[in-house]
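The lines below spell out each chain.
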Amino acid sequence: MEFTAKQIANAIDGRIEGDGNVTVNGFAKIEEGRPGTITFLANPKYTHYIYDTKASVVLVADGVQLARPVSATLIRVKDPYECIARLLQLYQAAQPKKTGVSPQACIAASASIGEGCYVGPLACVGEGVVIGPGSQIHPHAVIEDGVTIGSDCIVYPNVTIYPGCRLGDRVTIHAGAVIGADGFGFAPGPDGYDKIPQIGIVEIGDDVEIGANACVDRSTMGATVIRRGVKLDNLVQIAHNVEVGEHTVMSAQTGVAGSTKIGSWCMFGGQVGVAGHAVVGDKTVLGAQSGVPGNLKGGATLIGTPPMEPKAYFKSIALTRRLPEMSRRMADLQKQVEQLKKDLYKDNGNV
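So, a few notes on the structure that sits alongside this text. Quick caveat, the model's predicted, so the values are computed rather than measured.

In this section: the overall build of the chain. Within the chain one finds four helices and 39 strands. Whereas a compact globule of 351 residues would reach a radius of gyration of roughly 20 Å, the chain reaches 28 Å, over 25% beyond that. With the C-alpha coordinates aligned to their principal axes, the bounding extent of the chain is approximately 105 × 75 × 30 Å. Going through the 351 residues of the chain one by one, you find that 39% of them count as buried. Taking all contacts inside the chain whose residues are at least 6 apart in sequence as the whole, residues at least 24 apart take part in 17%. When the accessible surface of the chain is totalled, it reaches about 19300 Å², and 55% of it is carbon and sulfur.

Rendered as structure tokens:
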């Protein structure tokens, strides 16, 4: 499909500079632009690419001042990154969706498959499963007994959803993710550790996306809850009985221990760790590798272990780097003090 710069500008409320009739049929990074593609400039570090890019159309912020003319047609917008995201969503929505049930799929007789669904080869759908209209179950996915999946969901290859779990509408689960495995519950006994049965489920709200090889454990009792709009990156671990509030996002390798409650609109960087039974308030921002040992009120940007304000954190890091020097100076001062004490004692002895 081809679109003119003018059509694109109308769709995103942009302002054209250049040829509004130039057409594009694909996307490209600004440094790899080629004729017939659209790209964007959001990071000032990439500004130099705009002068030589071969892309036909470039989305650029209203306030960006260019040092010299460019060959591409520019579309001026308030936020180029947000606008390219919208265009990518429109592009993806226009792609044809797979439908139909493969004869190689294994589907229990009591399962209910909605209209317009796709179930790929070697996918397994258990007893009593309900899959809403327009959802896609890709090859080798395993949907165990009693699972409910809403409409327009995508379950990619090799995903496993354990019994009884419930997914809302428009949920995307990427390859290799596991939803509803047992929580890590063991009680120490005289002969080792006794397993605590995990009899709960996982509940996932609408518009959630869960990355590849992420794990969301079922609860001991009740439900582990991932609320509406949450986005979990690859390799995120959500333990049993955790609640993650609406529209919270977590980057790769973040781990949340059992029975913790995470607020809404939080943002966690990569490898953040949160201790069990903690409560993290709404709109908390945690920098990469932050360690959270207890409750956080919310509404703050923090980093480190324990988390602290970024300014204080970087000051402490600067001091940490000086510790070897400070240690040497302390040792020198101790020697001087000892020498002064000896000299003072000697002088006193002569009196």
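Having put the structure on the table, let's press on.
The next point concerns the sheet that holds strand E29 (residues 237-238). Judged by pairing direction, the sheet is parallel, and its ten strands sit side by side in the order E9-E12-E15-E18-E21-E26-E29-E32-E35-E38 without closing on themselves. The two strands at the open ends of the sheet, each matched to only one other strand, are strand E9 (106-107) and strand E38 (291-292). Bridge count for strand E12 (residues 124-125) against strand E15 (residues 142-143) is two bridges, and the pairing is parallel. Bridge pairing in E15 links Cys124 to Val142.

Before going further, it helps to examine the pattern of salt bridges. A full pass over the atoms with the stated rule returns twelve salt bridges. The closest approach of N and O atoms between Glu203 and Arg166, which form a salt bridge, is 2.2 Å. Placement of the pair is Glu203 in strand E24 (residues 201-204) and Arg166 in strand E19 (residues 166-167), with a sequence separation of 37 residues. A relative accessible area of 39% means that Arg166 is categorised as partly exposed. Across the salt bridge formed by Arg170 and Asp207, the nearest N and O atoms sit 2.6 Å from each other. With a gap of 37 residues between them, Arg170 in the loop between E19 and strand E20 (172-173) and Asp207 in the loop between E24 and strand E25 (209-210) connect regions that are remote in the sequence. A residue is classified by how much of its surface remains accessible, and Arg170, at 40% relative accessible area, is partly exposed. Overall, Asp207 belongs to the partly exposed group, its relative accessible area being 27%.

This brings us to unusual backbone geometry. The omega torsion across Thr305 and Pro306 is -10 degrees, close enough to zero to call that bond cis. In this fold, Pro306 is placed in the loop between strand E39 (301-302) and helix H3 (310-321). Unusually for a residue other than glycine, Trp265 sits at a positive phi of about 55 degrees. Tracing the sequence through the fold places Trp265 in the loop between strand E33 (261-262) and strand E34 (267-268).

An ideal rise of 1.5 Å per residue puts 21 Å on 15 residues; helix H2 (residues 80-94) measures up with 21 Å between its terminal C-alpha atoms. Within the span of H2, buried status applies to Pro80, Cys83, Ile84 and Leu87. One face of H2 carries all of its buried residues, which in axial projection span an arc of 95 degrees. Counted as exposed and oriented over 90 degrees from the buried face of H2: Tyr81, Gln89, Gln92 and Ala93. Contacts from the buried residues of H2 go to helix H1 (5-12), strand E4 (26-27), strand E5 (37-41), strand E6 (57-61) and strand E7 (73-77).

Turning to the sheet that holds E33, a few remarks are in order. With parallel pairing, nine strands are arranged side by side in an open sheet as E10-E13-E16-E19-E24-E27-E30-E33-E36. Of all the strands in the sheet, just strand E10 (112-113) and strand E36 (279-280) have a single pairing partner and so form its edges.

It is at 11 Å that the axes of H1 and H2 come closest, and there the two elements cross at 110 degrees. The orientation of H1 with respect to H2, classified from their angle, is roughly perpendicular. Between H1 and H2, the residues in contact are Ile8, Ala11 and Ile12 and Cys83, Arg86 and Leu87, respectively.

Further remarks concern the packing of aromatic side chains. Working definition: an aromatic ring pair is given by the centre-to-centre distance plus the angle between the planes. Scanning the model with the defined rule gives five aromatic pairs in all. On the basis of an interplanar angle of 70 degrees and a centroid distance of 5.2 Å, the ring pair of Phe184 and Phe186 is categorised as edge-to-face. Looking at Arg68, its charged tip hangs above the ring of Tyr51, at a distance of 4.1 Å from the centre.

Both faces of strand E27 (residues 223-226) are covered, namely the face carrying Ala223 and Val225 and the face carrying Thr224 and Ile226. Where E27 lies against strand E30 (residues 243-244), two bridges are found, and the strand directions are parallel. Each bridged residue has a counterpart across the sheet, and for Val225 the counterpart in E30 is Glu243.

Moving on, we come to the pairing of strand E21 (residues 178-181). Summarising the sheet, strand E18 (residues 160-161) and E21 pair through two bridges and their orientation is parallel. Among the inter-strand pairings, Ile161 is bridged to a residue of E21, identified as Ile179. As judged from the three bridges shared by E21 and strand E26 (residues 215-217), these two strands associate in the parallel manner. Residue pairing in the sheet places Val178 in a bridge with Cys215 of E26.

Conventions used here
Residues numbered from 1 in each chain as written. Predicted model: local features only at pLDDT ≥ 70, side-chain atom pairs only at ≥ 80, totals over all residues. Heavy atoms only, no water. Helix = DSSP H or I, 4+ residues; strand = E, 2+ residues; numbered from the N terminus. Rg over C-alpha atoms; globule rule 2.2 N^0.38 Å. Buried < 20%, exposed > 50% of the residue type's maximum accessible area, 1.4 Å probe, protein only. Contact = heavy atoms within 4.5 Å. Areas by Shrake-Rupley, 256 points an atom, 1.4 Å probe, with all protein chains shown as cover. Pairing = 2+ DSSP bridges. Salt bridge = Lys/Arg side-chain N within 4 Å of Asp/Glu carboxyl O. Expected span 1.5 Å × (residues − 1). Arc of directions from axis to C-beta. Axes fitted to C-alpha atoms, helices over the stretch in contact; angles between N-to-C directions. Parallel < 35°, antiparallel > 145°, perpendicular 65-115°, else oblique. Phe/Tyr/Trp six-rings, centres within 6.5 Å; stacked < 30°, edge-to-face > 60°. Lys NZ or Arg CZ within 6 Å of the ring centre and 35° of its normal.

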